[in-house]
Amino acid sequence: MSQRLLLSFKGGRSTKSLPFSSFCCKLYSSRSCNEVLSNGVASRKKEKDFEHLFKSCTKIYILKCLHALLVVSGKAQSIFIGTRLGNLYAHLGDVSLSQKTFCMIENKDAYTWNSMISSYVRNGNFRESLNCLNEMLSTADVKPDFYTFPPALKACGNILDGARIHCWVSKLGLEWDVFVAASLVHMYCRFQSSNVAFKIFKNMPFRDMGCWNAMISGFCQNGNAIEALSLLNEMRLEGIKMDSVTIATVLPICAQLDDIVHGMLIHLYVIKHGLELNVFVSNALINMYARFGELRHAQKVFDDMIVRDLISWNSLIAAYEQNNVPEKALKYFHEMRVNEIQPDLLTIVSLASSTAQTKSFHCCRSVHGFILRRCWIQEDVIVCNAVVDMYAKLGFIHCSRKVFDEMPIKDVISWNSMISGYAQNGLASEAIEIYNMMKKCDDVAPNQGTWVSILPAYAHLGALREGMRTHGHVFRVALNLDIFVGTSLIDLYGKCGRLDDAMSLFYEVPRMSTVPWNAIISCHGIHGNGRVSLKLFNDMLGEGVKPDHVTFLSLLSACSHSGLVDEGKRYFHMMEQEFGIKPVLKHYGCIVDMFARAGRLETAYRFIKSMPLQPDASVWGALLGACRIHGNVELGKLASDNLFEVDPENVGYYVVLSNIYANYGKWEGVKEVRSLARDRGLKKTPGWSSIELNNKIEVFYTANQSHPQCYEIYEELSILTAKMKSLGYTPDYTFVLQDVEDDEKEQILTSHSERLAIAYGILNTPHRSPLRIYKNLRVCGDCHNVTKLISKITEREIIVRDSNRFHHFKDGVCSCGDYW
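These figures come from a predicted structure and were not determined experimentally.

The rules behind each value
Residues numbered from 1 in each chain as written. Predicted model: local features only at pLDDT ≥ 70, side-chain atom pairs only at ≥ 80, totals over all residues. Heavy atoms only, no water. Buried < 20%, exposed > 50% of the residue type's maximum accessible area, 1.4 Å probe, protein only. Helix = DSSP H or I, 4+ residues; strand = E, 2+ residues; numbered from the N terminus. Pairing = 2+ DSSP bridges. Right-handed = clockwise from strand over helix to strand, strands pointing away. Axes fitted to C-alpha atoms, helices over the stretch in contact; angles between N-to-C directions. Parallel < 35°, antiparallel > 145°, perpendicular 65-115°, else oblique. Left-handed = near helix turned anticlockwise from the far one by under 90°. Contact = heavy atoms within 4.5 Å. UniProt positions renumbered as here; feature names shortened; annotations may be inferred. 1 Å grid on protein atoms, 1.4 Å probe; cavity = no way out; pocket = protein on both sides within 12 Å on 5 of 7 lines; lining within 4 Å. Points joined across faces, edges and corners; volume = space filled by probe spheres on them. Nonpolar A, V, L, I, M, F, W, Y, C, P; charged D, E, K, R; others polar. Polar contact = N/O pair within 3.5 Å; in protein donor to acceptor, adjacent residues only side chain to side chain. Core = buried A, V, L, I, M, F, W, Y, C linked by side-chain atoms within 4.5 Å. Phe/Tyr/Trp six-rings, centres within 6.5 Å; stacked < 30°, edge-to-face > 60°. Lys NZ or Arg CZ within 6 Å of the ring centre and 35° of its normal. Disulfide = S-S within 2.5 Å. Salt bridge = Lys/Arg side-chain N within 4 Å of Asp/Glu carboxyl O.

**Q** Is there a simple way to explain the pairing of strand E5 (residues 771-775) in this structure?
**A** It is a general feature of regular strands that their side chains alternate between the two faces of the sheet. Burial of E5 is extensive: 4 of the 5 residues sit out of reach of the surface. Here strand E3 (residues 688-693) pairs with E5 via 3 bridges, running antiparallel. Within E5, the residue paired with Ile-691 across the bridge is Ile-773. For the handedness criterion, the β-α-β arrangement of E5, helix H46 (residues 781-794) and strand E6 (residues 798-801) is classed as right-handed.

Spelled out as structure tokens, the structure:
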């Protein structure tokens with residue numbers, strides 16, 4: 001009976017129904033079974049082959065049987081045997097049984113305590129590990145050794161836990177043990193205290209390869225790339241050779257510092273010392289070359305590999321995906337499947353991104369189906385996030401939302417993906433709605449990605465007050481100086497007409513990269529401060545920051561908005577000749593826009609014909625818009641014909657051509673274009689203007705009659721119109737695009753959305769206070785003249801942001817100089 005009870009130790013499946021001797025025979029080989037047990041009792045032999053029994057325990061229920069045998073044989077009381085049982089329970093994933101076995105050992109030594117601490121750490125029970133250490137330290141008859149502290153340091157959840165353990169290490173004189181010191185270095189680096197870690201490292205009397213690697217890795221984790229390379233040079237001066245871990249740690253630093261020469265020198269070292277066959281090293285080389293865009297070198301490293309693991313395939317697929325070569329990424333995914341390598345989460349993330357780059361909805365559905373068939377979308381939030389992002393990048397935001405709503409678990413990246421998806425697809429209001437939903441979730445805290453996603457949405461709507469409130473949240477979590485969050489704030493204030501605030505933020509954030517420079521150059525450009533943009537560009541070069549393609553896009557756009565044609569031509573040539581940046585269609589579009597705005601329409605058209613790239617909608621659209629401004633009907637018709645071929649679904653181009661015809665009274669042409677748009681199922685985007693007052697954004701549509709203050713608004717506009725006419729104002733009916741009588745035309749002009757928003761602002765704000773208006777379309781010429789006069793009559797500054805740029809109206813003058 002006692003034997004049967006022992007076999008049921010902790011519920012070992014159906015063990016209690018079988019005789020004790022049968023289990024013992026299963027545990028032993030056929031050769032040793034009879035030697036160990038006879039008729040259900042312990043063997044008469046003095047020595048038993050327990051080593052073989054331990055090796056046989058691959059399942060918990062078998063281990064329980066062995067435990068029962070050891071209890072019967074009297075061996076369970078042995079410190080060594082008891083500790084080994086505890087370790088084996090932990091190895092098989094049952095920490096609870098491990099802990100109970102540990103408690104049954106009466107005279108525990110340091111080895112026993114160390115084993116239990118390590119068992120907790122291996123199974124992720126970090127708090128229990130620290131509690132176990134504290135219990136050990138409070139036991140006077142057991143002295144910790146240098147095996148005690150390294151696992152406990154891994155378990156630290158914060159730097160205070162680590163500092164307490166460091167005090168014990170110092171008190172026991174173990175600080176200079178190489179393993180303990182290396183663990184302290186790791187711990188401090190993990191909590192961004194690389195200065196403390198380096199002090200420990202420098203004071204070590206002896207350093208092995210692991211210590212050097214730990215400190216170099218620690219500098220990398222804390223963003224101290226230069227210090228990491230400096231330490232690497234010091235290591236080599238001491239005659240210590242780099243190993244595979246050192247190389248894999250240092251190669252990402254070369255990419256971070258944009259130092260491909262250093263990276264290639266390390267590659268030479270790898271070849272010279274025969275490390276190129278190390279899979280770990282080869283994978284790091286592929287990733288390094290991918291970061292530099294050197295896909296040819298990354299491909300060669302991959303091709304030369306004799307053994308490839310899943311990380312090798314993932315690295316190459318990600319290399320092509322990150323460098324916008326989705327076809328190659330998909331090709332190697334299929335090759336990976338042919339080689340019977342099973343994809344993991346990272347593979348799927350790269351695959352989803354590559355598929356989004358192909359702009360193929362069919363491929364997206366295939367990837368989604370591939371994921372669904374493996375039930376990954378229900379099991380892993382990372383895969384769900386990748387699918388949400390994939391559909392959003394393709395513009396199928398309703399599919400993104402459907403996947404998002406069905407996610408069983410949402411983390412902060414899930415919310416960020418949905419917010420950025422809406423924002424990137426021009427749905428700023430929906431992005432803000434999702435952000436407000438996120439704030440109600442107690443288990444999700446906004447992070448850097450959240451702020452970078454939501455701030456552009458506020459900027460798009462001109463929601464300055466909400467943006468400022470978010471700025472306060474950012475400041476409280478000390479992310480205001482983060483380069484990406486800081487740049488988003490610069491963009492917010494710049495696009496909300498607060499250039500002074502944008503400049504103040506610009507001088508606060510780190511300016512070693514192009515990101516903040518590009519933002520502030522662009523902000524001044526859309527405000528018509530082209531000369532300031534050029535000065536900032538020169539300041540950027542003076543600070544040693546190398547411009548990128550976005551810098552020149554911002555710069556050329558600034559030249560276009562300010563009529564700086566000669567300067568724009570010079571910078572366009574500088575881009576390729578001095579900086580080796582090949583122009584893309586957006587750069588060509590800026591030059592066309594620059595020539596066209598300046599009235600040089602034929603020059604713009606000749607430039608288009610000389611382009612080495614096939615013109616897209618942005619190029620022809622720039623020409624068409626200028627044809628409307630300068631009244632060139634024939635060239636406008638030519639530009640629109642090309643637009644209807646490359647982008648037939650954009651209703652805006654039909655509207656512009658219709659307006660060109662309407663300006664010259666060619667009503668047959670107007671009817672023809674409008675009929676063509678109707679036949680294609682296209683509807684004109686209604687014009688609206690918004691103004692933010694009293695924590696609320698008021699939106700006015702053209703000819704709006706539904707506002708509660710509608711009567712007062714039109715009455716105020718009537719009074720203002722009378723005052724303007726006394727100053728010589730005459731309505732410009734060319735901006736009325738309907739074939740109606742003059743009195744109706746004046747009424748149509750008066751009901752334009754920006755005028756309604758301005759009148760509402762005048763009625764509801766103190767005298768002489770500034771007004772900020774946001775309009776989704778371009779300000780018409782008559783409204784531009786009217787707003788100048790209203791700013792003079794009311795002694796207010798009126799800031800209007802339309803779809804192209806900012807207009808600062810003050811004392812009857814606009815900052816654009818009537819050039820827009």
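**Q** How should I be thinking about the packing of helix H20 (residues 310-322) against helix H21 (residues 326-338) in this particular structure?
**A** Each pair of packed helices gets described by two things: the angle between the helix axes and the distance between those axes. Put simply, H20 and H21 touch, their axes get as near as 7 Å, and they point 160° apart. If you check the angle between H20 and H21, you find them roughly antiparallel. Regarding H20 and H21, the two cross each other, and that crossing is left-handed. Along its contact with H20, which presents Leu-310, Trp-313, Asn-314, Leu-316, Ile-317, Tyr-320 and Glu-321, the element H21 presents Pro-326, Lys-328, Ala-329, Tyr-332, Phe-333, Glu-335 and Met-336.

**Q** Just to check I follow, could you spell out the UniProt feature "repeat: PPR" (unreviewed entry) in the chain for this structure?
**A** Those residues carrying the UniProt feature "repeat: PPR" (unreviewed entry) are residues 109-144, 208-242, 278-308, 309-343, 411-445, 482-516 and 548-583 in this numbering. Here residues 278-308 runs as 74% helix and 0% strand, with 10 Å between its end C-alpha atoms. Helix makes up 74% of residues 309-343 and strand 0%. Its end C-alpha atoms lie 11 Å apart.

**Q** Just to check I follow, could you spell out the layout of surface pockets for this structure?
**A** Vacant regions in the atomic arrangement are exposed by a probe of water-molecule size rolled over the atoms. Considering only enclosed or pocket space, the second largest pocket measures out at about 510 Å³ in volume. Forming the boundary of the second largest pocket are Ile-483, Phe-484, Met-512, Ser-513, Thr-514, Val-515, Gly-544, Val-545, Lys-546 and Asp-548. When contributions to the lining of the second largest pocket are tallied by element, the ones reaching two or more residues are helix H31 (483-495) and helix H33 (514-526). For the lining of the second largest pocket, a count of residues per class yields 5 nonpolar, 3 polar and 2 charged.

**Q** What should I look at first to understand the side chain of Asn-776 in this one?
**A** Here Asn-776 shows up in the loop between E5 and H46. Within the structure, the side chain of Asn-776 is placed 3.1 Å from the backbone oxygen of Pro-686, a separation counted as a polar contact. There is a polar contact of 2.8 Å between the side chain of Asn-776 and the backbone nitrogen of Trp-688. With residues up to four places along the chain from it excluded, the contact list for Asn-776 reads Thr-685, Pro-686, Gly-687, Trp-688 and Ser-803.

**Q** Which parts of the structure should I look at to understand the nonpolar core?
**A** Counting residues in hydrophobic clusters, the biggest one holds 203 residues, and the most contacted among them are Ile-165, Ile-247 and Leu-623. Those residues in contact with Leu-623 that lie beyond four places of it in its chain are Val-592, Leu-601, Ala-604, Tyr-605, Ile-608, Leu-635 and Ala-639. Residues Ile-773, Cys-783, Ile-798 and Phe-809 belong to the second largest nonpolar core, which totals 27 residues.

**Q** Quick question: what am I supposed to make of the packing of aromatic side chains here?
**A** In this description, a pair of aromatic rings is defined by centroid distance and the angle of the planes. This structure, assessed with the given rule, holds 22 aromatic pairs. When the centroid spacing of 5.9 Å and the interplanar angle of 45° are considered together, the rings of Tyr-588 and Phe-607 count as tilted. Here Tyr-588, found in helix H37 (residues 585-597), pairs with Phe-607, found in helix H38 (residues 601-610); they are 19 residues apart in sequence, far enough to count as distant. For the residue pair Tyr-588 and Phe-607, the accessibility class agrees, reading buried in each case. Here the aromatic residues Phe-198, Phe-201, Trp-212 and Phe-219 are joined through ring pairs into a cluster of three or more. One cation-aromatic arrangement involves Lys-331 over Tyr-332; the distance from NZ or CZ to the ring centre is 4.2 Å. Taking the ring centre of Phe-404 as reference, the NZ or CZ of Lys-410 above it sits at 5.1 Å.

**Q** Would you explain the environment of Gly-218 in this entry?
**A** Following the sequence through the fold, Gly-218 ends up in helix H14 (residues 209-221). By relative accessible area, Gly-218 is classed as buried at 0%. With 30 residues separating them in the primary sequence, Gly-218 and Tyr-188 have C-alpha atoms 8.3 Å apart.

**Q** Just to check I follow, could you spell out the sheet that holds E6 for this structure?
**A** In sheet architecture, strand pairing relies on hydrogen bonds along the backbone and comes in two forms, parallel and antiparallel. One open sheet holds the 6 strands; their spatial order is E4-E3-E5-E6-E7-E8, and the pairing between them is mixed. Each having just a single partner strand, strand E4 (696-701) and strand E8 (813-814) make up the two edges of the open sheet. As paired strands, strand E7 (residues 806-810) and E8 are joined by 2 bridges and run antiparallel to one another. Counted as the bridge partner of Phe-809 is Cys-814 from E8.

**Q** Would you mind showing me how to read the side chain of Ser-414 here?
**A** Secondary-structure assignment places Ser-414 in helix H27 (residues 412-424). Taking relative accessible area as the criterion, Ser-414 reaches 1% and is therefore assigned buried. If we skip the residues at most four places from it in the chain, Ser-414 touches Val-381, Asn-385, Phe-404, Met-407 and Ile-409.

**Q** Can you walk me through the environment of Lys-637 in this structure?
**A** For Lys-637, the position within the fold is in helix H40 (residues 633-646). Linking Lys-637 and Met-574, residues 63 residues apart in sequence, is a C-alpha distance of 33 Å. Setting aside anything within four residues of it in sequence, one finds Lys-637 in contact with Leu-657 and Tyr-661.

**Q** Just checking my understanding: could you explain the state of the cysteines for this structure?
**A** Formally, a disulfide is one covalent bond, and it connects the sulfur atom of one cysteine to the sulfur atom of another. Considering all chains together, one arrives at 0 disulfides under this definition. Between Cys-441, a cysteine without a disulfide, and Cys-384, which holds the nearest cysteine sulfur, the sulfur-to-sulfur distance is 16 Å. On the accessibility criterion, Cys-441 (22% relative accessible area) is partly exposed.

**Q** What's the story with the pairing of E7 in this structure? I'm lost.
**A** With 4 of 5 residues buried, E7 is to be regarded as a mostly interior element. When E6 meets E7, the two strands line up antiparallel, connected through 4 bridges. Paired with Val-800 across the bridge in E7 is His-807. What sits between E6 and E7 in their antiparallel hairpin is a turn of 4 residues. Hairpin connection, E7 to E8: the antiparallel pair is bridged by 2 residues, and Asp-811 has positive phi, about 55°.

**Q** Is there a simple way to explain the pattern of salt bridges in this structure?
**A** Proximity of charged atoms lets side chains of opposite charge pair with each other. A full pass over the atoms with the stated rule returns 20 salt bridges. Across the pair Lys-331 and Glu-335 runs a salt bridge whose closest N-O atoms are separated by 3.0 Å. Here Lys-331 pairs with Glu-335, and both are found in helix H21, just 4 residues apart, close to one helical turn. On the accessibility criterion, Glu-335 (31% relative accessible area) is partly exposed. Put simply, Arg-127, Asp-161 and Arg-164 are held in one network by salt bridges that share partners.

**Q** What's the story with the packing of H38 against helix H39 (residues 617-630) in this structure? I'm lost.
**A** The geometry of H38 relative to H39 is characterised by a closest axis approach of 11 Å and an angle of 165° between their N-to-C directions. Overall, the two elements H38 and H39 adopt an arrangement that is roughly antiparallel. Here the hand of the crossing between H38 and H39 comes out left-handed. In this structure, H38 uses Leu-601, Ala-604, Tyr-605 and Ile-608 to contact H39, whose residues at the interface are Val-619, Trp-620, Leu-623, Ala-626, Cys-627 and His-630. When grouped by side-chain class, the residues that make up the contact of H38 with H39 number 9 nonpolar, 1 polar and no charged.

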